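A structural walkthrough
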Amino acid sequence: MSRVLTLTTDFGSGSGYVAEMKGRLLHARTPFTLVDIAHDLPAHDIRAAAWLVGQACPAFPAGTLHLVVVDPGVGTARRLVWAAIGGQQFLCPDNGLLSWVLRRQPLTAACEITVTADAAATFHGRDVLAPAAMRLLDGMPPEALGPTITDLARLPWPEPQDGAAGLEGEVIHVDAFGNLVTNLPAELWPLVVAAGGLQVGGHLVTTLVRTYGDAAPGTPVVLVGSQGFIEAAVVEGHAAARLGAGRGTRVAIAGGQTP
Amino acid sequence: MSRVLTLTTDFGSGSGYVAEMKGRLLHARTPFTLVDIAHDLPAHDIRAAAWLVGQACPAFPAGTLHLVVVDPGVGTARRLVWAAIGGQQFLCPDNGLLSWVLRRQPLTAACEITVTADAAATFHGRDVLAPAAMRLLDGMPPEALGPTITDLARLPWPEPQDGAAGLEGEVIHVDAFGNLVTNLPAELWPLVVAAGGLQVGGHLVTTLVRTYGDAAPGTPVVLVGSQGFIEAAVVEGHAAARLGAGRGTRVAIAGGQTP
Amino acid sequence: MSRVLTLTTDFGSGSGYVAEMKGRLLHARTPFTLVDIAHDLPAHDIRAAAWLVGQACPAFPAGTLHLVVVDPGVGTARRLVWAAIGGQQFLCPDNGLLSWVLRRQPLTAACEITVTADAAATFHGRDVLAPAAMRLLDGMPPEALGPTITDLARLPWPEPQDGAAGLEGEVIHVDAFGNLVTNLPAELWPLVVAAGGLQVGGHLVTTLVRTYGDAAPGTPVVLVGSQGFIEAAVVEGHAAARLGAGRGTRVAIAGGQTP
């Protein structure tokens, strides 16, 4: 395959801002495959973007270039960066977007991208990051983008912890089906089995299954999801709506303890 | 052109699940063109997906590989299949998704895909179908995926029938404009002309036109749509909202009879 | 890079109509890069589409072919056209879609596309424009599409004008963040500075900034946006909702005058 470039923004599906970036990127002389990851991320929501980047980007072939623009601080003091992590490359503002991918794999190299004076202060995605991506595709070494740096901004990962309700965690992601992905890693599943259920906000969910279709439609269930975390779902339904839960909702394994 | 692969899911536009699948697919050594058909199909709605597959997939060049994942039964007893139909190839769960495309063209060949133990029970799209697609792109014969099968699950097509209101049918698809596509084939148009209109739920629509712009904005009209079926629309408006109709709404040609 | 073809419609993201068009296009023998610009434009909204085309299309490499289908008059007397403007090529109905791109760059050449009798009257995008695009990709000269024409339908651009409230304009575009792009060009910024603010509907916005992050979250601000127009925004918020504004909302620079 030719080189792959992915694009992740909060600009809105069908936004002219996305199209302007694609137009600039396609000036590259080198053929590449352009892949949209997402453009309708919640506006300015760095945590939501960080989850998506951590989930999706490591699945791509080594050498893929990921352009991520969720950038409420555009034009202010926050840096723009190039980073290599686990064989993937990233171009993005240094505002925490790479936090979860860095949780999965270590930082290999990074540099700060020098911003020239002719860039519009409101659209560095178009005027700085897209041209940088184009030059990287055409063979420019990343070091030419600006000075080497050694660490990136990181959001704190919410670790599960011992509390009054047992081993406590939270919902870290709600997918489009309404499934509630928690920060409780799959390794804790035996504790859920021992407790006979998972507390999700005000609801105790006691039907433990292997996959979504393993109970009658409408049943709230708990399972190990495809992301390696314990997940609450409703069979052929929408757990977030049904359980009144969302990102940040507390979950707990009664009687559980951090390993 | 290089080989084409299309992707149709109910994972949500911008879902990390879609991106994970794309990442896996792009590990193919063979260049291919990746085309998104839809990712915001109603969750778990096999009928909606079957309509879309039947409408869209036959338009692609022969040899196109269509990956379709609307899979409420993921990880349960339902099979995963490869199928060749009318020059197109499909990879999907065997839950009726290919019903309408099979109505247009016969099944040429099919096999069941063997699922290995390391696949996540909740995400066969990523762990079984995407790798299978990648291997097919790279030249593996489909027979290597698993044992040959001779038929696929099929939803019953709602045929028009004679009833008290005349020749009766139903709305089978509502498009994004709100146009109501019925199961009455274009061949029945002379009966609509003879009847002077089409009954759509509680509304008798009597303005018969050749195309959407052939009446004043706001007018409910009946016409032969681009899918080869009789369709109700509102000029520059939204027929589903205006007529209070949706998939399943009854329609009838007064005095009509099945040919 | 290979030839680029972009697609812009109001058919809805994930619409089968879009997929049918892509299927036809991919029958081209010549490799090309297919780029989705937007498919969820407001239905039948030629002004919204004209803005997007004017914003996005000039960013693409010279020779890019832009297929634009927002076509409430499909099948009626309106023409279908091919046009060359500023190095870009367009295929679309002649209903004003190219108005704003023509404001930025002059028309180089155009022809009317001859419609054959076998095209469905309701879907010229699939039956006329996509085949025309395919033939152009494969090397057919545009003149073979039909007779040369010398002008295209144009919507009137709302020029700023002197009024009781000062120099008056209007919101011409609301982006997905809720930012309000006005028809006041960047050159008028000194007048905004002199006036100490911009009137947006019933609100006087007095915080003038260089970029979105230059004030506290929640603050309404005025700035020069990336499109070369004066823009009202709310820091990390949604100006359209907060200020009760939308396309057509009046704006004014108190004491300003047309230059």
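Bear in mind that the values here come from a model prediction, so they are computed numbers and not experimental data. (Residues numbered from 1 in each chain as written. Chains lettered and ligands numbered in written order. Predicted model: local features only at pLDDT ≥ 70, side-chain atom pairs only at ≥ 80, totals over all residues. Heavy atoms only, no water.)

What follows concerns the interface of chain C and chain A. Taken together, the 29 residues of chain C in the interface contact 30 residues of chain A. Interface area, chain C with chain A, both sides summed: about 2,400 Å², of which 62% is carbon and sulfur. For the pair chain C and chain A, the interface holds 0 salt bridges. Our count for the chain C to chain A interface comes out at 9 residue pairs in polar contact (both at pLDDT 80 or more). The set of elements that each furnish at least two residues to the side of chain C that touches chain A consists of β2 (32–38), α2 (46–56) and β12 (220–224) of chain C. Here the side of chain C that touches chain A gets 5 residues from one element, more than from any other, and that element is β2 of chain C. A breakdown of the residues in the side of chain C that touches chain A according to their chemical character gives 15 nonpolar, 8 polar and 6 charged. (Contact = heavy atoms within 4.5 Å. Buried area = accessible area lost by both parts, 1.4 Å probe. Salt bridge = Lys/Arg side-chain N within 4 Å of Asp/Glu carboxyl O. Polar contact = N/O pair within 3.5 Å; in protein donor to acceptor, adjacent residues only side chain to side chain. Helix = DSSP H or I, 4+ residues; strand = E, 2+ residues; numbered from the N terminus. Nonpolar A, V, L, I, M, F, W, Y, C, P; charged D, E, K, R; others polar.)

This part covers the confidence of the model for chain A. On average, residues of chain A score 95 in pLDDT, and 99% of them reach the 70 mark or higher. Under the prediction, the complex receives an ipTM of 0.96, its pTM being 0.96. (pLDDT = per-residue confidence, 0-100.)

With an axial shift of 0.0 Å and an RMSD of 0.0 Å, the rotation relating chain C to chain A amounts to 120°. Interpreted geometrically, this transformation is the action of a three-fold axis. (Least-squares fit on C-alpha atoms with pLDDT ≥ 70 in both.)

Our next topic: the pairing of strand β14 (residues 250–253) of chain A. Bridge analysis of strand β8 (residues 166–174) of chain A against β14 of chain A gives 4 bridges, and the strand direction is antiparallel. Across the sheet, the residue bridging to Glu170 of chain A is Arg250 of chain A, located in β14 of chain A. (Pairing = 2+ DSSP bridges.)

Residue and element names in this part refer to chain C. As a packed pair, helix α1 (residues 16–25) and helix α4 (residues 124–137) sit with axes 9 Å apart at the nearest point and diverge in direction by 35°. Our pair here, α1 against α4, has a crossing hand that is right-handed. In this structure, α1 contributes Glu20, Met21, Arg24 and Leu25 to the contact, and α4 contributes Gly125, Arg126, Asp127, Ala130, Ala133 and Met134. Taken together, the residues of the contact of α1 with α4 break down into 5 nonpolar, 1 polar and 4 charged. (Axes fitted to C-alpha atoms, helices over the stretch in contact; angles between N-to-C directions. Left-handed = near helix turned anticlockwise from the far one by under 90°.)

Before going further, it helps to examine the interface of chain A and chain B. Taken together, the contact between chain A and chain B spans 29 residues of the former and 30 residues of the latter. Around 2,400 Å² of area is buried between chain A and chain B when both sides are counted, 62% of it from carbon and sulfur atoms. On inspection of chain A and its partner chain B, the count reaches 0 salt bridges. For the side of chain A that touches chain B, the secondary structure elements donating two or more residues are β2 (32–38), α2 (46–56) and β12 (220–224) of chain A. With 5 residues, the single largest contributor to the side of chain A that touches chain B is β2 of chain A.

A few words on the environment of Glu170 of chain A. Along the chain, Glu170 of chain A turns up in strand β8. In this structure, the C-alpha to C-alpha distance between Glu170 of chain A and Gly248 of chain A, residues 78 residues apart in sequence, is 5.4 Å.

Turning next to the pairing of strand β13 (residues 229–234) of chain A. Residues and elements named next belong to chain A. Counted residue by residue, β13 has 6 buried out of 6 residues, so it is predominantly covered. Pairing of strand β9 (residues 180–185) with β13 involves 3 bridges; the strand directions are antiparallel. Within the sheet, the bridge partner assigned to Val181 lies in β13 and is Glu231. Adjacent in sequence and paired antiparallel, β12 and β13 are bridged by 4 residues, among which Gly228 carries a positive phi angle near 85°. (Buried < 20%, exposed > 50% of the residue type's maximum accessible area, 1.4 Å probe, protein only.)

Okay, the packing of aromatic side chains next. Inspection of every chain in the model, using the stated rule, returns 21 aromatic pairs over all chains. With centroids separated by 4.8 Å and ring planes inclined at 90°, the aromatic side chains of Trp100 of chain A and Trp157 of chain A adopt a geometry described as edge-to-face. Of this pair, Trp100 of chain A sits in helix α3 (residues 99–104) while Trp157 of chain A is found in the loop between α4 (124–137) and β7 (161–163), placing the two residues 57 residues apart along the sequence. Summarising the burial analysis for this pair, Trp100 of chain A and Trp157 of chain A share the class buried. The rings of Phe11, Tyr17 and Phe123 of chain A together with Phe177 of chain C are connected pair by pair, giving a single aromatic cluster. (Phe/Tyr/Trp six-rings, centres within 6.5 Å; stacked < 30°, edge-to-face > 60°.)

Evaluated as defined, the whole model comprises 36 salt bridges over all chains. For Asp138 of chain B, the salt bridge identified is with Arg29 of chain B, shortest N-O distance 3.8 Å. One end of the pair, Asp138 of chain B, is in the loop between α4 (124–137) and β7 (161–163); the other, Arg29 of chain B, is in the loop between α1 (16–25) and β2 (32–38), with 109 residues separating them in the sequence. Taking relative accessible area as the criterion, Arg29 of chain B reaches 63% and is therefore assigned exposed. For Arg154 of chain C, the salt bridge goes to Asp151 of chain C, with nearest N and O atoms at 3.1 Å. With relative accessibility at 46%, the residue Arg154 of chain C sits in the partly exposed group. Here the salt bridges do not stand alone but share partners, grouping Glu20, Arg24, Arg126 and Asp127 of chain A into one network.

Moving on, we get to the sheet that holds strand β6 (residues 107–112) of chain A. Residue and element names in this part refer to chain A. Ordered by their spatial adjacency, 6 strands build an open sheet running β2-β1-β3-β5-β4-β6, and the pairing between neighbours is mixed. Where the open sheet ends on each side, the last strands, each with one partner, are β2 and β6. Looking at each pair of strands side by side, their axes are set apart by 20° on average, direction ignored. For strand β3 (residues 65–69) and strand β5 (residues 88–93), the ladder comprises 3 bridges, and the chain directions are parallel. Along β5, the bridge assignment pairs Leu65 with Gln89.

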